[in-house]
Amino acid sequence: MTDAQPSPGPLSGLRVLELSDEKGQFCGKLLGDLGADVVKIEPPGGEPSRHVGPFLDDVPHTERSLSFWYYNTSKRGITLNLQTADGRRLFKRLAATADVVLESFVPGFMASLGLDYRSLCQQNSGLIVCALTPFGQTGPWRDYLSSDLLHMAAGGEMASCGYDDVDLANGPPIAPGGGNAWHMGCHYACIAIMAALVDRTLSGQGQYIDASIHEACALTTESAIANYVYRGEVLRRQTGRHHAANSTPRTQFRAKDGKYVCALLGGRLNPRFVRNLADLLDTYGMAGDLRDPKYQDPAVIAENTSHIIDELVANFISSLPAEEAYHAAQQRGFTWGVVRAPEDLLDDPHLHDRSFWKQVEHPELGRSFTYPGEAAIFGDSPWRLSRRAPLIGEHNIEIFCDELGLSRGELAVLAESHVI
Amino acid sequence: MTGAASRRSALEKVRVVDFSWVRAGPWATRWLGALGAEVIKIEWPESERGRLPSTTTPQQLEVNLNTSGNFNDTNVNKKSLSLNVRSAKGLEVVKRLIGISDIVIENFSSRVLRNWGLGYEELCRIKPDIVYVSMSGYGHTGRNHHYTTFGPVAQAVSGLTLLSGLPDKPPAGWGWSYMDDTGGMYGAMCALTGLYHRNTTGRGQHIDLSQMVASIPLNGPALLDFTANGRGSRRKGFPPGNRAHWPGTPLISAYRGPTVAPHNAYRTDPGGYNDWCVIVCHNDEEWQRLVEVMGAPSWATSEKFAALAGRLQHQEELDRHIESWSMTLEKYQLTEHCQAAGVRALPVQSAEDRVEHDPQLRHRKMYLPMEHPALGQHLVQNAPFELSRTPARNNSSSPLIGQHTQELVEGLLGYSREELRAGFADGTFWPTSRPRFPYMEEMLR
């Protein structure tokens, strides 16, 4: 069985042309990891996102950006200058063979090149074009500049994240890191593209998708909009837990090793929960007075909420390493978690059981690196990271010569004239 | 091919059996509904925690199963079948429904559906090409599959929480269940991908999605910094609040784009709780534009701020000066001044700001009114994308609990009125111990 070809992913047979940077590259990765043939089209010299750190061994180089590596797995890469007539001609030939074009240029740019949806679909009526841009193709902010931080501000994420006054009086709203504004835009764009692809299996027709990162972010604050729409409430930021109209009990506790544990308690303290909590704390001889029958009265629990949470639970967690408190609680059915650093996950046996981590070969370096894998396990058609990010122009010969039929001489001319 | 002209929505004629509850699952099926699928929510009044307890019921209304505002926004575009799946009769009804459906989706902990007698093998027996999406906390495989999550727990365990905050403070984390929203996105993505695969190959499958695992790939560059460079995230100056780099610490990427200054939130006039703007300059040219917008004060034209290295080195001073200027302007005013000059700036927006004051969201019709039988007319959130030929639309408000029981049981599944009445009498369609809503009495006439 070792020679068996891995089964194809659910999107195998689809070709996606990606003309995108930090805004859309994660969407391309999702489609590529799901099995599509994603061709990343970069300007000659490479996409500017190759200049974003961190870099391998902290040596800045367009082929060593770990950020670029991560967001461009399972793609092939070519270079093409769309600002030249030859570049546009070649792009049109590629688009005739594609199922999806994903672009994130400023609104109007593709049209100015004669590469808008209307032009492209004339030669390929099944083509799906998704423009994923900061604010969409229309509206007063259409041409505004943005960044991850800007989207987290205007989208509402920051208004919900920050500190209790006891931790930082009058602190600022905080934008969580990690480039999550781009993730939010890409998740919704991926859904829109997948919906159009499903439709196409029955209609045979493509369509144009106008996706907005700002709207995606504005949609991603759980109940904040509902709290305002239905009750007129504007929520307050709280350390390590949900925004709320009125202050709620804390859920983040410092463990013996200095790490934190997220222990959800507030709003859950009923007699049965308290009995189970007493069992958990008692395992370590720390139940205090929690076994007292008086706690079977909800009124007594309510009076003693602070005692239970801020004393008994806080002391319990502070007496244990965070990982131990987490597992002890989960084993007894409590929905608690340890606040991990990303690197703490490498040792998690549960993830190894799911074959989550992937070894990705970088043949040009003679090394392989461990990458995080996929969100879900598909039973019949694996979601699977298939290869490292492309080097600049790595597949120019494969795609322009082998697939489009250009000669090596023609390719050389294109390179000399800065078309590729 | 049914012909593009006759199709009005992308998921026309797709039927979804939706066992999902609380938030992550319902947020997934909400979008399948907006895209045109018939989403049938299977629920039971004792156990849908998305309806109760409710903290989003309008002040003038009684809190009950049908008056949660957040439930309404999370469950538009669905029908509700109240059904006790844990009874033999209820199980038969749901199996008949699965037999004529395309997708089964749920977000229970890992063994619940199997324990009900609805494991994947059984689903396949009923409908061989079914697409089954399970959205559990830790997945259906792996030694900790029985662990449970809410958004905050998935965020904590996966490393997302630690990315948010200021150095030398506890994690600020995410002020909401980011991974319920995002878990929902992955649920929808998996369902659509499974459907695409089925339409092209004829084969269904089980898709085992985990909320906690789905969070981890959102930390990709930080993880590669560890696996390739050996650098962890528990380090001095990380996370750097709203900055790209914390002053006085080594210049190391903080995984949110280029390491630049200014890159921060600044107070604006009149200094209220959400009166803040963020300003980012990606290069010296953008900085010079900001200097012009600020009126080129003498501090700003100082040589030490002219180049990025100096701005990073003197970031505390830089930020103090910028804030002394930003405090003179209201946040939307500041945004307009900056953006007109090509400077990256946007206001921090609360929910109220987004609904009432954001001209872009208004132009794009992000919030449109819908009528709900118990809540009245309220604004509901719309899709952040426009599909030109098969647009996503909110077609109906969230269902009252059991609102479509008769329509589905009689109309779709072909049971008789007598069988419906019997099912209400024996606790299949509604607990016998619980008063029925007036619309249920209507069904039984």
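Residues numbered from 1 in each chain as written. Chains lettered and ligands numbered in written order. Predicted model: local features only at pLDDT ≥ 70, side-chain atom pairs only at ≥ 80, totals over all residues.

What to know about the overall build of chain A
Phase 1: Within chain A, the secondary structure is distributed over 17 helices and 14 strands.
Phase 2: If one aligns the C-alpha atoms of chain A with their principal axes, the spans along those axes are about 85 × 55 × 45 Å.
Phase 3: Burial statistics for chain A: of 420 residues in total, 54% are counted as buried. (Helix = DSSP H or I, 4+ residues; strand = E, 2+ residues; numbered from the N terminus. Buried ≥ 20, exposed ≤ 12 C-beta atoms within 10 Å, placed from the backbone.)

Some details on the sheet that holds strand 8 (residues 276–280) of chain B
Residues and elements named next belong to chain B.
Phase 1: Ordered by their spatial adjacency, three strands build an open sheet running 7-8-9, and the pairing between neighbours is antiparallel. With partners counted over all chains shown, the strands left at the sheet margins are strand 7 (263–267) and strand 9 (344–347), one partner each. Pairs of neighbouring strands in the sheet enclose a mean axial angle of 20°, with direction left out of account.
Phase 2: Note: strand 8 against strand 9, four bridges, orientation antiparallel. (Pairing = 2+ DSSP bridges. Axes fitted to C-alpha atoms, helices over the stretch in contact; angles between N-to-C directions.)

Description of the environment of Ala415 of chain A
All names here are of chain A.
Phase 1: Looking at the element boundaries, Ala415 is found in helix 17 (residues 408–416).
Phase 2: Of the residues examined, Ala415 has 14 C-beta atoms within 10 Å and is grouped as partly exposed.
Phase 3: For the pair Ala415 and Thr79, spaced 336 residues apart in sequence, the C-alpha to C-alpha distance is 9.5 Å.

Some remarks on the domain arrangement of chain B
Residue and element names in this part refer to chain B.
Phase 1: Per the domain assignment, the segments making up chain B are domain 1 (9–217 + 366–444) and domain 2 (235–267 + 276–347).
Phase 2: On a C-alpha basis, the centres of domain 1 and domain 2 stand 43 Å from each other.
Phase 3: Taken together, the contact pairs five residues of domain 1 with seven residues of domain 2.
Phase 4: For the side of domain 1 that touches domain 2, the residue count by class is three nonpolar, two polar and no charged. (Domains from an automatic or database assignment. Contact = placed C-beta atoms within 7 Å. Nonpolar A, V, L, I, M, F, W, Y, C, P; charged D, E, K, R; others polar.)

Description of the packing of helix 1 (residues 24–34) of chain B against helix 7 (residues 178–201) of chain B
Residue and element names in this part refer to chain B.
Phase 1: Two elements in contact, helix 1 and helix 7, have axes separated by 7 Å at closest approach and are oriented at 50°. Overall, the two elements helix 1 and helix 7 adopt an arrangement that is oblique. By crossing handedness, the relation of helix 1 to helix 7 is classed as right-handed. Across from Ala24, Gly25, Trp27, Ala28, Trp31 and Leu32 in helix 1, the residues of helix 7 making contact are Asp180, Asp181, Gly183, Gly184, Gly187, Ala188 and Ala191. (Parallel < 35°, antiparallel > 145°, perpendicular 65-115°, else oblique. Left-handed = near helix turned anticlockwise from the far one by under 90°.)

Topic: the interface of chain B and chain A
Interfaces are frequently sized by the accessible area removed from exposure as the parts join.
Phase 1: Counting from both sides, the interface comprises 133 residues of chain B and, opposite them, 129 residues of chain A.
Phase 2: Considering each element in turn, the side of chain B that touches chain A owes the most residues, 17 residues, to helix 7 of chain B.
Phase 3: Grouping the constituent residues of the side of chain B that touches chain A by class yields 64 nonpolar, 51 polar and 18 charged.
Phase 4: Where strand 14 (residues 376–378) of chain A and strand 6 (residues 205–210) of chain B come together, three bridges link them in antiparallel fashion. Bridge pairing links Phe378 of chain A to Ile207 of chain B in strand 6 of chain B.

A short note on the nonpolar core
Residues and elements named next belong to chain A.
Phase 1: One finds Cys130, Ala192, Ile209 and Val261 to be the most contacted residues of the largest nonpolar core, which totals 242 residues.
Phase 2: In terms of residues, this core owes the most to one element, helix 8 (residues 180–203), which gives 15 residues.
Phase 3: Each residue touching Val261, except ones within four places of it in the same chain, is listed here: Phe253, Ala255, Ile317, Ala322, Ala325, Tyr326, Trp336, Val338 and Val339. (Core = buried A, V, L, I, M, F, W, Y, C linked by C-beta atoms within 7 Å.)

So, the domain arrangement of chain A
Phase 1: Structurally, chain A comprises domain 1 (15–220 + 353–416) and domain 2 (248–254 + 260–339).
Phase 2: A straight line from the C-alpha centre of domain 1 of chain A to that of domain 2 of chain A covers 44 Å.

Brief notes about the sheet that holds strand 4 (residues 100–103) of chain A
Phase 1: Strand order in the open sheet formed by seven strands is 3(A)-2(A)-1(A)-4(A)-5(A)-6(A)-12(B), and the pairing between neighbours is mixed. The open sheet has two free edges, formed respectively by strand 3 (75–79) of chain A together with strand 12 (385–387) of chain B, since each of these has just one partner strand. Adjacent strand axes in the sheet meet at a mean angle of 20° when their direction is disregarded.
Phase 2: On top of the sheet, helix 8 of chain A reaches strand 4, strand 5 (128–133) and strand 6 (208–212) of chain A together with strand 12 of chain B; it is set at about 165° to strand 5 of chain A, its chief contact.

Looking at helix 16 (residues 405–412) of chain B
Since the α-helix advances by 3.6 residues per turn, residues separated by three or four positions end up pointing in the same direction.
Phase 1: All of the buried residues in helix 16 of chain B are Thr405, Gln406, Leu408 and Val409 of chain B.
Phase 2: Among the residues trailing helix 16 of chain B, Gly414 of chain B stands out with phi positive, at a value near 80°.

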